[in-house]
Amino acid sequence: MAGRRRAVELAMSDEEIATLTTLSRSRIELASRVSRAQMLLAYRENPSFCAVGQRLGVHHQTVQRCVERALADGPLAALDDRPRPGKEPTITPEAKAWLVSLACDKAKDHGYPHELWTTRLLARHAREHGPAAGHACLANLVQGTVCKILGQEEIKPHKVRYYLENRDAEFEQKMAEVLCVYREVEVLKKASAKAKRRGKPVTIVSCDEKPGIQAIATTAPDLPPKPGVHATFARDHEYKRHGTLSLLAGIDLLTGKVHALVKDRHRSREFIELLRLIDAAFPPNTAIKLILDNHSAHISRETRAWLATRPVGRFELTFTPKHGSWLNLIEGFFSKFARSVLRHIRVASKHELKVRIVAGIDDINRHPVIHRWSYKLAEAA
């Protein structure tokens, strides 16, 4: 007949009791740790394996193993599982290195029509070509194992992260020139605030084009919101295209006024028309400094020929570096205009789109906003 189990004394410090109490009430800890903490605390109150098991709904041997481990390793160490040896890895480090190296190539370089690898395709290629490369352990490789190996190396061969190559060797110099113009804007604003105007008057205009504004019409009327039914406008998925328009604009950085044209295209002749509009907007003795990107219409033979007809010093052009159009302040205006006026716009024709864009510009000019540049302005030479 088996002998009666003897209760063993489990000594715990006040700190250990406080930690176990906190863990036993936790809702974010692992269930196994919470359960073991409850066992140890219950056993401390009633040192009986069977009584604790009945109270917590576990087998008494589970309580016994937890208590015995707490005696051997300490109460807090008994909360975690013992380390297990696990199965010996069948994929060698050399095979893993070969697979990772393969993932760093493009799939098309290995004869596949795919541009990039998928984990399924990579696993198939490894099964078919791994043994021939001396890695017989890859003969039964599955997609899940490929994901684990690539995850350990933090490689995602199925994704592309875009970057922009700097193709302008004079980027820093050109950026400094643009920033100097913006600093001149601040100087002119302060001088205007103090009513001190000396020398030839100067204005600074940031110019660019926003092409491809789509004239899209709905095929069914929009449904207005209904309280308690649907909170937003409802719109049919189908639509009809009427073409596109281009917005050519220049914003006066001193006053915030926008000079704009809406055209079907944005060639040199349309840009020259914008320059004529800006030319007519300022007194003849005012020097107009333009900030432009490197669009072909801005540097074309026709544009240069028209500028040559103007008085010397009337127009002064400062170009942003290649891939540096974000340095042009008018890009911020275009972004705001697209979000406030053009977003979700639906029109019946291109003419209606043009009318609404012009009306949007007029509305902005009634309450002009002066755009300011601050990024790296203090570093301008």
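Just above, that's the structure.
The rules we used
- Residues numbered from 1 in each chain as written.
- Predicted model: local features only at pLDDT ≥ 70, side-chain atom pairs only at ≥ 80, totals over all residues.
- Heavy atoms only, no water.
- Core = buried A, V, L, I, M, F, W, Y, C linked by side-chain atoms within 4.5 Å.
- Buried < 20%, exposed > 50% of the residue type's maximum accessible area, 1.4 Å probe, protein only.
- Helix = DSSP H or I, 4+ residues; strand = E, 2+ residues; numbered from the N terminus.
- Contact = heavy atoms within 4.5 Å.
- Phe/Tyr/Trp six-rings, centres within 6.5 Å; stacked < 30°, edge-to-face > 60°.
- Lys, Arg positive; Asp, Glu negative; His and termini not counted.
- Salt bridge = Lys/Arg side-chain N within 4 Å of Asp/Glu carboxyl O.
- Polar contact = N/O pair within 3.5 Å; in protein donor to acceptor, adjacent residues only side chain to side chain.
- Pairing = 2+ DSSP bridges.
- Axes fitted to C-alpha atoms, helices over the stretch in contact; angles between N-to-C directions.
- Parallel < 35°, antiparallel > 145°, perpendicular 65-115°, else oblique.

1. Side note on the nonpolar core
- By size, the foremost hydrophobic cluster in this structure holds 32 residues, and its most contacted members are Tyr182, Leu253, Phe333, Leu353 and Ile357.
- Sorting the residues of this core by element identifies helix 8 (171-193), strand 1 (202-218), strand 2 (239-252), strand 3 (258-263), helix 12 (330-342) and helix 13 (350-366) as the ones contributing at least two each.
- Ranked by residue count, the leading element in this core is helix 8, at seven residues.
- When neighbours within four sequence positions are excluded, Leu353 is seen to be in contact with Ile213, Gln214, Ala215, Leu245, Ile345 and Val347.

2. Comments concerning the packing of aromatic side chains
- With the rule as written, the count across this model stands at seven aromatic pairs.
- When the centroid spacing of 5.8 Å and the interplanar angle of 45 degrees are considered together, the rings of Phe333 and Phe334 count as tilted.
- The exposure class assigned to Phe333 is buried, which follows from its relative accessible area of 3%.
- Among the aromatic residues, those joined into a ring-pair cluster are Tyr182, Trp326 and Trp373.

3. A look at the side chain of Asp293
- Assignment of secondary structure puts Asp293 in the loop between strand 4 (287-292) and helix 10 (296-299).
- Look at Asp293: it is buried, it has no salt bridge, and the nearest opposite charge is Lys174 at 12 Å.
- At 3.1 Å, the side chain of Asp293 and the backbone nitrogen of His295 are in polar contact.
- Reaching out from Asp293, the side chain makes a polar contact with the side chain of His298 at a distance of 2.9 Å.
- Setting aside its immediate chain neighbours within four residues, Asp293 contacts Asp208, His298, Phe319, Thr320, Ser325 and Asn328.

4. Things to note about unusual backbone geometry
- A positive phi angle is found at Glu154, which is not glycine, with a value near 55 degrees.
- The residue His344 is not glycine, and still its phi comes out positive at about 65 degrees.

5. Quick look at the pairing of strand 1
- Alignment of strand 1 against strand 4, held across five bridges, turns out to be parallel. Paired with Val202 across the bridge in strand 4 is Ala287.
- Here strand 1 runs beside strand 2; their pairing, made up of eleven bridges, is antiparallel. Looking at the pairing, Cys207 lines up with Gly250 of strand 2.

6. As for the packing of helix 6 (residues 119-129) against helix 7 (residues 143-152)
- Relative to each other, helix 6 and helix 7 sit at 105 degrees, their axes nearing to 8 Å. One element, helix 6, and the other, helix 7, form an angle in the roughly perpendicular class. Between helix 6, through Thr119, Arg120, Leu122 and Ala123, and helix 7, the contact on the second element is made entirely by Gln143, Val146, Cys147 and Leu150.

7. So, the sheet that holds strand 5 (residues 315-319)
- Taking strand neighbours across the sheet as the criterion, the five strands line up as 3-2-1-4-5 in an open arrangement whose pairing is mixed. Taken across any chain shown, the strands that pair with only one partner, and hence form the sheet edges, are strand 3 and strand 5. On average, adjacent strands in this sheet sit at an angle of 25 degrees to one another, irrespective of strand direction.
- Note that strand 2 and strand 3 share six bridges and pair antiparallel. Considered in strand 3, the bridge of Ser246 is made with Lys263.
- Against the sheet, helix 9 (residues 268-281) contacts strand 1, strand 2, strand 3, strand 4 and strand 5, and its axis sits at roughly 150 degrees relative to strand 3.

Bear in mind that shape data such as this cannot, by itself, settle questions of function.
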